[in-house]
Amino acid sequence: MKEPVVVCFGGVAVEAKLKQKLKTLPELPGCYIYRDKKGAILYIGKSKNLKQRVKSYFTKKQMGKTARLVHNIYDFELIITDTEQEALMLEMTLIMKYQPPFNVMLKDEIQYIYLKITNEKKSTSRIDERNSKGWRALFWSIC
């Protein structure tokens, strides 16, 4: 079996196939799934701009756990969504299903975000989020 060619990309050793994929990333919202050489899922993330987010792992100097993750990435796949909110929901669902070792949140449903949709005629919306310390609310205005 022929050894893959490894090139340096932003200070990180990256296989040529992976480097080529990084050049074709779309500037769209969605989820990214990092895999190791055996095809096992290492990490699932989401972004409003996949190109910027995925490239940031390989172009910036990483430390600690993130450096270990990047060292083990052999391939990745993308799932394009229509909105950032769809990417968030998809990310949560995939993490719950596959339990990747580098994702610490959402594994035990403690950090799962619940959406409460009402038909109130107020100009603000609210998301209630349950975390280990209880509930907190996130508010934003609707134009």
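Before any of the text, the structure's been laid out above.
Quick notes on the rules
Residues numbered from 1 in each chain as written. Predicted model: local features only at pLDDT ≥ 70, side-chain atom pairs only at ≥ 80, totals over all residues. Heavy atoms only, no water. Salt bridge = Lys/Arg side-chain N within 4 Å of Asp/Glu carboxyl O. Helix = DSSP H or I, 4+ residues; strand = E, 2+ residues; numbered from the N terminus. Buried < 20%, exposed > 50% of the residue type's maximum accessible area, 1.4 Å probe, protein only. Core = buried A, V, L, I, M, F, W, Y, C linked by side-chain atoms within 4.5 Å. Contact = heavy atoms within 4.5 Å. Phe/Tyr/Trp six-rings, centres within 6.5 Å; stacked < 30°, edge-to-face > 60°. Polar contact = N/O pair within 3.5 Å; in protein donor to acceptor, adjacent residues only side chain to side chain. Lys, Arg positive; Asp, Glu negative; His and termini not counted.

### Digging into the pattern of salt bridges
Phase 1 of the analysis: Applying the stated criterion to the full structure yields three salt bridges.
Phase 2 of the analysis: Here Lys-51 ties to Glu-27 by a salt bridge, and the two come within 3.9 Å at their closest N and O atoms. Residue Lys-51 is located in helix H2 (residues 50-59), and its partner Glu-27 is located in the loop between helix H1 (16-23) and strand S3 (30-35); the two are separated by 24 residues in the primary sequence.
Phase 3 of the analysis: Taking relative accessible area as the criterion, Lys-51 reaches 25% and is therefore assigned partly exposed.
Phase 4 of the analysis: A residue is classified by how much of its surface remains accessible, and Glu-27, at 56% relative accessible area, is exposed.
Phase 5 of the analysis: Of the charged contacts, one joins Arg-35 and Glu-77 as a salt bridge, the two residues approaching to 2.8 Å between their closest N and O atoms. Of this pair, Arg-35 sits in strand S3 while Glu-77 sits in strand S5 (residues 75-80), placing them 42 residues apart in sequence.
Phase 6 of the analysis: According to the relative accessible area criterion, Arg-35 is partly exposed, its value standing at 23%.

### Points about the nonpolar core
Phase 1 of the analysis: With 16 residues, the main nonpolar core has Tyr-34, Val-54, Tyr-57, Phe-58 and Leu-69 as its most contacted residues.
Phase 2 of the analysis: Among the secondary structure elements, those contributing two or more residues to this core are H1, S3, strand S4 (41-47), H2 and helix H3 (64-72).
Phase 3 of the analysis: In terms of residue count, H2 provides more of this core than any other element does, four residues in total.
Phase 4 of the analysis: Excluding residues that lie within four positions of it along the chain, Tyr-34 makes contacts with Ala-40, Ile-41, Leu-42, Tyr-43, Val-54, Tyr-57, Phe-58, Leu-69, Ile-73, Asp-75 and Phe-76.
Phase 5 of the analysis: By size, the runner-up hydrophobic cluster in this structure holds five residues, among which are Ile-33, Ile-41, Ile-44 and Leu-94.

### A word on the environment of Thr-66
Phase 1 of the analysis: Within the secondary structure, Thr-66 sits in helix H3.
Phase 2 of the analysis: Sequence separation between Thr-66 and Phe-102 is 36 residues; the distance between their C-alpha atoms is 8.3 Å.

### Considering the packing of aromatic side chains
Phase 1 of the analysis: Inspection of the entire model under this criterion finds eight aromatic pairs.
Phase 2 of the analysis: Each ring, one from Tyr-32 and one from Tyr-43, has its centre 6.2 Å from the other, and the planes form 40°; the classification is tilted. Within this pair, whereas Tyr-32 is found in strand S3, its partner Tyr-43 is found in strand S4, the two being separated by 11 residues in sequence.
Phase 3 of the analysis: A relative accessible area of 1% places Tyr-32 in the buried class.

### A word on the side chain of Asn-49
Phase 1 of the analysis: Its location among the elements puts Asn-49 in the loop between S4 and H2.
Phase 2 of the analysis: Owing to a relative accessible area of 14%, Asn-49 belongs among the buried residues under this scheme.
Phase 3 of the analysis: Only 3.1 Å separates the side chain of Asn-49 from the backbone nitrogen of Lys-51, close enough to count as a polar contact.
Phase 4 of the analysis: Other than its neighbours up to four places away in sequence, Asn-49 contacts Pro-26, Glu-27 and Leu-28.

### With respect to H2
Phase 1 of the analysis: Among all positions of H2, only Leu-50, Val-54, Ser-56, Tyr-57 and Phe-58 are buried.
Phase 2 of the analysis: Near the N-terminus of H2, the side chain that reaches the backbone nitrogen of Lys-51, with its oxygen 3.1 Å away, is that of Asn-49.

### Observations concerning unusual backbone geometry
Phase 1 of the analysis: Positive phi values are uncommon outside glycine, yet Gln-99 reaches one of about 50°.
Phase 2 of the analysis: In this structure, Gln-99 sits in the loop between helix H4 (84-98) and strand S6 (113-115).

### Regarding the side chain of Asp-36
Phase 1 of the analysis: When you line up the elements, Asp-36 lands in the loop between S3 and S4.
Phase 2 of the analysis: Despite its burial, Asp-36 pairs with no opposite charge; the closest candidate is Lys-38, at 6.5 Å N-O.
Phase 3 of the analysis: From its side chain, Asp-36 meets the backbone nitrogen of Lys-38 in a polar contact 3.0 Å long.
Phase 4 of the analysis: Excluding residues within four positions of it along the chain, Asp-36 makes contact with Leu-42, Asn-72 and Tyr-74.

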